[in-house]
Amino acid sequence: MRHPIHSAILTGMVLVATSAFAASKATVNIPFSFSSQGHSYPAGQYVATLDTTHNVLALSNKTETAISARWVVGPADYNPNEEHLTLKFDDLGNSHTLRTVQLGPRITSRLDAPARHHDAGATATVSGQ
């Protein structure tokens, strides 16, 4: 008699684990070079992975895996019907500085220094799945 109840609970746990895994990895094409915290990154395809156990998000160049960065992340507003991966940049002319990275329900703190003037530059958003 207990077996069907345990099966239902286990099935629910597997479904939750599967949906959590789906939001823990995503790929994005960044069409411009950019900087973050004093490091330069080339344009290209990047893979974002989320370690939910340690709340660490990694962003690695898909072809040159040595080009990567890692950040501690916290909770974020998240709509599962929207893009899983969102990178926001500050744009000043031809210069792009990474502002935040959000993968599913986790986001980095602000990675760049706030602009001195609210109208000092534009922002760009790149999304992927």
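Residues numbered from 1 in each chain as written. Predicted model: local features only at pLDDT ≥ 70, side-chain atom pairs only at ≥ 80, totals over all residues. Heavy atoms only, no water.

Points about the pairing of strand β5 (residues 56-61)
Both faces of the sheet carry side chains from a regular strand, because those side chains alternate between them. As paired elements, strand β4 (residues 44-51) and β5 share six bridges and run antiparallel to each other. Directly across from Val47, in β5, lies its bridge partner Ser60. Here β4 folds back onto β5 in antiparallel fashion, the turn holding four residues, of which Asn55 has a positive phi close to 55 degrees. Summarising the sheet, β5 and strand β6 (residues 68-75) pair through five bridges and their orientation is antiparallel. Bridge pairing links Leu59 to Ala69 in β6. Counting the residues in the hairpin turn of β5 and β6 gives six residues. (Pairing = 2+ DSSP bridges. Helix = DSSP H or I, 4+ residues; strand = E, 2+ residues; numbered from the N terminus.)

Description of the packing of aromatic side chains
Scanning all chains against the criterion turns up four aromatic pairs. With 5.0 Å between their ring centres and 85 degrees between their planes, Phe32 and Phe89 make a pair best called edge-to-face. Placement of Phe32 in the loop between β1 (25-30) and β2 (34-36) and of Phe89 in strand β7 (residues 85-92) is noted, with a sequence separation of 57 residues between them. Judged on exposure class, the residue Phe32 and its partner Phe89 are both buried. Aromatic pair Phe34 and Tyr46: ring centres 5.7 Å apart, planes at 65 degrees, arrangement edge-to-face. With Phe34 in strand β2 and Tyr46 in strand β4, this pair connects stretches of sequence that are 12 residues apart. Each member of the pair, Phe34 together with Tyr46, is buried. By the ring-pair criterion, three or more aromatic residues cluster together here, those being Phe32, Phe34, Tyr41, Tyr46 and Phe89. (Phe/Tyr/Trp six-rings, centres within 6.5 Å; stacked < 30°, edge-to-face > 60°. Buried < 20%, exposed > 50% of the residue type's maximum accessible area, 1.4 Å probe, protein only.)

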